[in-house]
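# Secondary and tertiary structure notes
Letter by letter, the chains look like this.
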Amino acid sequence: MSAIPRTRPSRQGQQQQWPKLAELAGQIKNGERSAVEVVEACIERAEAAEDYHGILKLEITAARERAEQIDQLVADGETEGVLLGVPFLAKDNFLTNGQAETTAASHMLETFTAPYQATAIEKLEAAGAIMLGKTNLDEFAHGSSTENSAFGSTKNPYDPQRVPGGSSGGSAAAVALNIVPFALGTDTGGSIRLPASFCGTVGYKPTYGLVSRFGVIAMASSTDVIGPLTRSSHDAGFVLDVLAGRDGRDSTTIAREETYHIGEPAELSGLRVGVIKEHMGEHVGRGMRSATWEKIKALERAGARVEEVELPHDSVALAIYYIIAPAEISSNLARYDGIKYGYYTSSADSLEETYLQSRGEGFGDEPIRRMLTGTFVLSSGYQEAYYKKAQKVRTLLRGDYETVFGTYDVLAGPMSPTTAFKLGEKGDPVAMYQSDDLAISANLAGIPSISLPAGEIDGLPFGLQLQAPAGRDKRLLDIAAAVEGVI
Amino acid sequence: MRRDRRSNSQAPESDYTADIGIECHIQLKTASKLFCSCSNDSRQEDPNTTVCPVCLGLPGTLPVLNKRAVELAMQAGIALNARVAEHTKFDRKNYFYPDLPKGYQITQYDQPIIGAGEVAVPLENDSFSVRIVRAHMEEDAGKLVHPESADYSLVDLNRAGTPLLEIVSQPDMHSPAQAKAYARELYYRMLYVGASDVDLYHGNMRFDLNVSVRPSGSDRFGTRTEIKNMNSFRNVERAADYEIGRQIQLLENGQLVTQETRGWDEQKTYLMREKEEAEDYRYFPEPDIPPLELDRSKREQVEQELPPLLTHVRHTLRATGLEQTKIEALINQPRLAMLGLSVLEEITDPASRDRIVNWLTSEVVRLLRAEDFDWDDFALSVGQLGELSDMTADDELNSSAAKQVLGEMVTSPRSPRQIAEEKQLIQTSDAGEIESIVDQVIQNNPQAAQDVRDGKSKAIGFLTGEVMKASQGQTNPQIVKDLLEHKLNQ
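Everything numeric in this text was worked out from a predicted model, so none of it was measured.

We now examine the overall build of chain A. Assigned secondary structure in chain A consists of 15 helices and 11 strands. Rg of the C-alpha trace for chain A: 21 Å, near the compact-globule value of 23 Å for 487 residues, within the 12% margin. Overall size of chain A, expressed as C-alpha extent along the three principal axes, is 65 × 55 × 45 Å. Burial analysis of chain A (487 residues in total) assigns 61% to the buried set. Across chain A, the fraction of contacts at a sequence separation of at least 24, relative to all contacts at a separation of at least 6, is 76%.

Structure, rendered in structure tokens:
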């Protein structure tokens, strides 16, 4: 096994890796590369990798114009912006007001043109980055494979017969294929980290509230976070440094730490690493367990003190997530009613018919399934038994983490129970939900978590997950950089 | 729609007790909406112009709580003599309607910002008490417009996201007059505290009534009906009166009152909808707005910024021994009441104070009712009133001249002396000058003078008038009269 993905015949779109973001921006600033040249390379690579269907729409004209402007700025000696000239792709649930619609991969929003931009996009553009286009996702981010996209599945760069994971599958595939140096995703219940692990990239889920959700189509508001998919933890920290911080337009945002740039990786010697016992059980594939143990042993060899830890309520995390998230989804998706914007059925002849037809036809099966579940668990007579009880267990789960983080610096385990599965393999929704079994606790607890490429199992990449206490994103990134060096 | 006869003709109302509760929505007086920076005042605006992505509920938008709205709600709570919560939060109320852009309303469910309270309500020369259950903040919806003979409706979202405070009372009112008095009391309390513009015409303040009747002496409430959306005190009273009569008539006829929602068409209440299965709004905590902690320092800050409350104004006026109807006449015009307070504070001479308060509660109140009166022009000050009072006390102005000056001062900051001089209203007080005019008049009217000498007192009025005429009104009639009597009865 190797930390660096091998060039394989099945990865025809695979191109030369981009240098680290800091280095790439530096090259553009000192004139070593032009922004135009970088953007053209991205476009070329995107076109070469079209079959993977990771991208829904490119904003070629705007990106080219912006690159030309940047090159002119550089020529004029103006080199402000840490990401100057660096192109990126955004999952298509980020609102962008350029050429591309913002669709959430749903027929409901197929023609929706956003009148404003997400804070995350604004911040990246302000740092000089170039928005190149929008990536594929499961409809409204509901899914773990990108198969729920209304516009067709994305394929795994390692094996086009397999899924890239989801819901940020398009962003993960695009980074794995080296189309762009980084991409944005959202993670409500593993949606950045699962595809990162399936595609062999780094996927970073920040502490809840560290990055503004303004301008991102809400899935489950209490667990939605925004984060980067990159080729290294250094790059993840570099992008997070641009994104992080309070936003007057999102009341749930929190104060940032001074920096997220990784300087020196953390010292592994003496690091207290807890291995989550509940993440190493029978429900995790044997191959995955042994591969993960092997990586953890590498940490031990580097001087880390490794012990198994228990998170008693982790075993029901998936169950409570599939109560809380659908509850919030059922409410968050109520605004798509066919009246103000989005899919509208003109044949309806009453208000109720308009609602039923527009929503019935505009939404795919999975959003409808989740809205029905959510409506049920919030209904009077059931709310106590489901929604309220789930919230209580969520509090207990947070308590579990607090206890464990009293003793351990970081928790480690596999990112997913298996490597990428085959397209169409998981027709049963519950089997699909179980793909996120190991990711979801971090979302419910609001803590930061990262998936690091840890090598391959039978030719398919797998990820090592690290988790840290809420608000300790910088520490987690420093540790990740060190771990990256030994696995 | 059912048409019920007015029923109080033969129904023995005294055999029944009515129980009335009121839910009152007031629009909080903020510059911007509850969760975005759009203008909160769209009274003069075209449809869908005071809107933004947030109040339109576009994808990706998030609510950001207006801090001023929270402060105003806290002030309103204090004005209602109610408890301000230390911990409060927002919830989502989920339902579909075209005027509700997000498909849910952000409101407060189980932890409202204002808890229980009690309001003393004056009524004629007495008062009664109404308990407040709670008051919570919420956003208003937009409104639907139904063009005539069109097969569609239009949505105007200008009002969507407007901050409201819903004040819920116990059913502590037992007559239409009490319901009206409570509605009026809420109006003035909110007006004085400045929490709302309470513009009834534009729906800044709306009342829903819960009405039930029960046999007097029974301690079980009758089945209640809800009457929606009254926008004046008078309609609150009339709707309550009508509904009580209707319910008593039903019971007298051996029928049952059914729990239902009714409307008011200015003449009668009518059925809007029968109580269906209780609607399930699937309330849950709003995840986009962190819970609010209103700690002691925040509450103290709000208390410090409070303007004088209605209860305080009323209490101060009452301490002067002013009768309740005069107090309420002042209170009806808050700026007048504030002026009254300043008068009480700054004018120490009791005679002068009484004179001024009397002007305020009679003459000035009358002047303010003038059709062309505009509060923007209101200029009356304590300084002016004090000077006017002194001039009257010194007999420089007679009472009708004082009223003339007062009429001018209501909209002019000029001194009363300046106004009086300009209008030549100052009474001549030079004794010699008056005496010579009096002598002249007696000479010119020998018959009248003789009548006075003969004890026909009526004639003295005529002579006084002649003197006034000759002096162009600048003499004090009392002095003139005294002088005439003195001269003619020697």
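From this point, things continue past the structure.
A word on the overall build of chain B. Summing up its helical and strand segments, chain B has 15 helices and 16 strands in all. Compactness check: chain B gives a C-alpha radius of gyration of 30 Å against a globular reference of 23 Å for 490 residues, more than 25% above the reference. Expressed along its principal axes, the backbone C-alpha trace of chain B runs to roughly 95 × 55 × 50 Å. Considering only contacts within chain B whose residues lie at least 6 apart along the sequence, 70% involve residues at least 24 apart.

What follows is about the domain arrangement of chain B. Residue and element names in this part refer to chain B. Each assigned domain of chain B is listed with its residue range as follows: domain 1 (13-293), domain 2 (308-422) and domain 3 (431-488). The C-alpha centroid of domain 2 is placed 36 Å from the C-alpha centroid of domain 1. Every contact between the two is made by eight residues of domain 1 and, on the other side, eight residues of domain 2. With five residues, helix H2 (residues 176-193) is the largest single contributor of residues to the side of domain 1 that touches domain 2. When grouped by side-chain class, the residues that make up the side of domain 1 that touches domain 2 number six nonpolar, one polar and one charged.

Let us now look at the sheet that holds strand E11 (residues 460-467) of chain A. Residues and elements named next belong to chain A. Ordered in space as E1-E3-E2-E4-E6-E5-E10-E11-E9-E7-E8, the 11 strands form an open sheet in which the pairing is mixed. The open sheet has two edge strands with one neighbour each: strand E1 (55-58) and strand E8 (305-309). Pairs of neighbouring strands in the sheet enclose a mean axial angle of 30°, with direction left out of account. Looking at chain direction, strand E9 (residues 410-414) and E11 are connected through four bridges and run antiparallel. Across the sheet, alanine 412 pairs through a bridge with leucine 466, a residue of E11. This element, helix H8 (residues 286-301), spans strand E7 (272-276), E8, E9, strand E10 (449-457) and E11 of the sheet and lies at about 110° to E10.

Residue and element names in this part refer to chain A. Among all positions in helix H1 (residues 21-29), only Leu21, Leu24, Ala25, Ile28 and Lys29 are buried. For H1, the arc enclosing every buried residue in end-on projection is 140°, short of the 170-degree limit, so these residues lie on one face. Among the structural elements, helix H2 (35-48), helix H3 (60-75), strand E4 (182-187) and helix H7 (233-243) are those in contact with the buried residues of H1. Phi turns positive, to about 80°, at glycine 31, one or two residues after H1.

Let's shift gears to the packing of helix H9 (residues 317-332) of chain A against helix H11 (residues 365-378) of chain A. Residues and elements named next belong to chain A. Between H9 and H11, the shortest axis-to-axis distance is 7 Å and the interhelical angle comes to 100°. Comparing the axis directions of H9 and H11 gives the class roughly perpendicular. In this structure, H9 uses Ile323, Pro326, Ala327, Glu328, Ile329 and Ser330 to contact H11, whose residues at the interface are Arg370, Met371, Thr373, Gly374, Thr375, Val377 and Leu378. A breakdown of the residues in the contact of H9 with H11 according to their chemical character gives seven nonpolar, four polar and two charged.

Moving on to helix H3 (residues 233-252) of chain B. The first and last C-alpha atoms of H3 of chain B sit 28 Å apart over 20 residues, in line with the 28 Å expected at 1.5 Å per residue. At the exit of H3 of chain B stands glycine 254 of chain B, carrying a positive phi of roughly 80°.

Our focus in this paragraph is the interface of chain A and chain B. With 31 residues of chain A at the interface, the matching set in chain B holds 23 residues. Sorting elements by how many residues they give to the side of chain A that touches chain B places H9 of chain A first, with three residues. Residues that form the side of chain A that touches chain B fall into these classes: 14 nonpolar, 10 polar and seven charged.

On to the nonpolar core. Formed by 152 residues in total, the largest nonpolar core has its most connected members in Phe88, Val180, Ala183 and Leu466 of chain A. Of all the elements, H9 of chain A adds the most residues to this core, at 10 residues. Beyond its immediate stretch of four places on either side in the chain, leucine 466 of chain A contacts Val410, Leu411, Ala412, Ser449, Ile450, Leu452, Leu476, Ile479, Ala480 and Val483 of chain A. Within the second largest apolar cluster, 99 residues are counted, among which are Leu80, Val130, Met190 and Val313 of chain B.

On average, chain A scores 95 in pLDDT, and the residues at 70 or more come to 97%. Note that pLDDT drops below 50 for residues 1-13 of chain A; the model gives that stretch 20 contacts with residues more than four away or on any other chain.

A word on the environment of glycine 152 of chain A. All names here are of chain A. Residue placement: glycine 152 occurs in the loop between strand E3 (130-135) and helix H5 (169-176). According to the C-beta neighbour criterion, glycine 152 is exposed, with 12 such atoms within 10 Å. Considered as a pair, glycine 152 and aspartate 138 are 14 residues apart in the sequence and their alpha carbons are 9.3 Å apart.

Residues and elements named next belong to chain A. In terms of residue burial, E3 counts as a mostly covered element, since six of its six residues are buried. Relative to E3, E1 is paired through three bridges, and the arrangement is antiparallel. Bridging from a neighbouring strand, isoleucine 55 pairs with threonine 135 of E3. Sheet analysis places strand E2 (residues 87-91) next to E3, joined by five bridges and oriented parallel. Within the sheet, the bridge partner assigned to lysine 91 lies in E3 and is threonine 135. In this view, the connection linking E2 to its parallel neighbour E3 by way of helix H4 (residues 119-126) has right-handed handedness.

Turning next to the confidence of the model for chain B. Residues and elements named next belong to chain B. In this model, chain B carries an average pLDDT of 90, and 95% of its residues clear a pLDDT of 70 or more. The low-confidence segment residues 1-11 (pLDDT under 50) makes 18 contacts with residues lying over four places distant or belonging to another chain. The ipTM assigned to the predicted complex is 0.95, against a pTM of 0.89.

Hydrogen bonds along the backbone pair up the strands of a sheet, which may run parallel or antiparallel. Residues and elements named next belong to chain B. Here we have nine strands laid out as an open sheet, ordered E2-E6-E7-E10-E1-E11-E12-E13-E14, and mixed in their pairing. A strand with exactly one partner marks an edge of an open sheet, and here the two such strands are strand E2 (82-84) and strand E14 (269-274). Taken over all neighbouring pairs, the strand axes of this sheet differ in orientation by 30° on average, direction set aside.

Residue and element names in this part refer to chain B. Alignment of strand E6 (residues 114-123) against strand E7 (residues 126-139), held across eight bridges, turns out to be antiparallel. Following the sheet pairing, leucine 123 is matched in E7 by aspartate 126. Following E6, the chain reverses through two residues before pairing antiparallel with E7; glutamate 124 in that reversal takes a positive phi of roughly 50°. As paired strands, E7 and strand E10 (residues 163-169) are joined by seven bridges and run antiparallel to one another. What sits directly across from arginine 134, in E10, is valine 168.

Attention shifts here to the environment of valine 175 of chain A. All names here are of chain A. One can find valine 175 in helix H5. Counting along the chain gives 49 residues from valine 175 to alanine 126, while the straight-line C-alpha distance between them is 22 Å. Setting aside residues no more than four positions away along its own chain, valine 175 makes contact with Val180, Phe182, Ala183, Thr201, Leu229, Thr230 and Arg231.

Rules and cut-offs
- Residues numbered from 1 in each chain as written.
- Chains lettered and ligands numbered in written order.
- Predicted model: local features only at pLDDT ≥ 70, side-chain atom pairs only at ≥ 80, totals over all residues.
- Helix = DSSP H or I, 4+ residues; strand = E, 2+ residues; numbered from the N terminus.
- Rg over C-alpha atoms; globule rule 2.2 N^0.38 Å.
- Buried ≥ 20, exposed ≤ 12 C-beta atoms within 10 Å, placed from the backbone.
- Contact = placed C-beta atoms within 7 Å.
- Domains from an automatic or database assignment.
- Nonpolar A, V, L, I, M, F, W, Y, C, P; charged D, E, K, R; others polar.
- Pairing = 2+ DSSP bridges.
- Axes fitted to C-alpha atoms, helices over the stretch in contact; angles between N-to-C directions.
- Arc of directions from axis to C-beta.
- Parallel < 35°, antiparallel > 145°, perpendicular 65-115°, else oblique.
- Expected span 1.5 Å × (residues − 1).
- Core = buried A, V, L, I, M, F, W, Y, C linked by C-beta atoms within 7 Å.
- pLDDT = per-residue confidence, 0-100.
- Right-handed = clockwise from strand over helix to strand, strands pointing away.

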